[in-house]
Amino acid sequence: MAPAPSTRTSTRCAEVDVKYQQARDLVRDWCGQPARERYDELLALREEVVRLGLLVESAVTALRDVGADDPADRIEKELGIPVDTGSTP
């Protein structure tokens, strides 16, 4: 009796997986490093955006504390939407 079609397919997939494992690992190494570096850079840039957003909020508060509402309003308007200072993913 012959194996069921799904068994033949899974066996064939396993054979192909083993056959091309080294080539696939090499391609992942070549392609993976730049992607990891870009992701790390993205995280660092997000942290910097949060840091600068907090700095701007602090400056706006300081301006308001000394009665400089016009410059504070201008900065808030130019900044646009508030920066999300929550945790990064």
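Residues numbered from 1 in each chain as written. Predicted model: local features only at pLDDT ≥ 70, side-chain atom pairs only at ≥ 80, totals over all residues. Heavy atoms only, no water.

K.L.:
What is the right way to look at the overall build of the protein in this model?
P.N.:
A tally of regular secondary structure across the protein gives two helices and zero strands. When burial is assessed residue by residue, the protein has 8% of its 89 residues classed as buried. Approximately 7500 Å² of the protein is accessible, and the part contributed by carbon and sulfur atoms is 60%. (Helix = DSSP H or I, 4+ residues; strand = E, 2+ residues; numbered from the N terminus. Buried < 20%, exposed > 50% of the residue type's maximum accessible area, 1.4 Å probe, protein only. Areas by Shrake-Rupley, 256 points an atom, 1.4 Å probe, with all protein chains shown as cover.)

K.L.:
Would you mind going over the pattern of salt bridges with me for this structure?
P.N.:
Pairing is possible between side chains that carry opposite charge, provided their charged atoms lie close to one another. What the rule picks out here adds up to seven salt bridges. Its salt-bridge partner being Arg12, residue Glu15 comes within 3.6 Å of it at the nearest N-O pair. Highlighted residues: Glu15 and Arg12, both in helix α1 (residues 5-65), separated by three residues, approximately one helical turn. Judged by relative accessible area, which is 44%, Glu15 ranks as partly exposed. Linking Glu76 and Arg64 is a salt bridge whose minimum nitrogen-to-oxygen distance equals 2.5 Å. Taken as a pair, Glu76 in helix α2 (residues 69-79) and Arg64 in helix α1 lie far apart in primary sequence, twelve residues in all. Since its relative accessible area comes to 30%, Arg64 is described here as partly exposed. (Salt bridge = Lys/Arg side-chain N within 4 Å of Asp/Glu carboxyl O.)

K.L.:
Looking at this structure, I do not really get a nonpolar patch on the surface. What am I missing?
P.N.:
A surface patch of nonpolar side chains, about 330 Å² in accessible area, is lined by Leu26, Val27 and Trp30. Inspection of the secondary structure assignment puts Val27 in helix α1. The class for Val27 is partly exposed, based on a relative accessible area of 43%. (Patch = residues over 30% accessible without salt bridge, like charges linked within 9 Å, V, L, I, M, F, W, Y side chains within 5 Å.)

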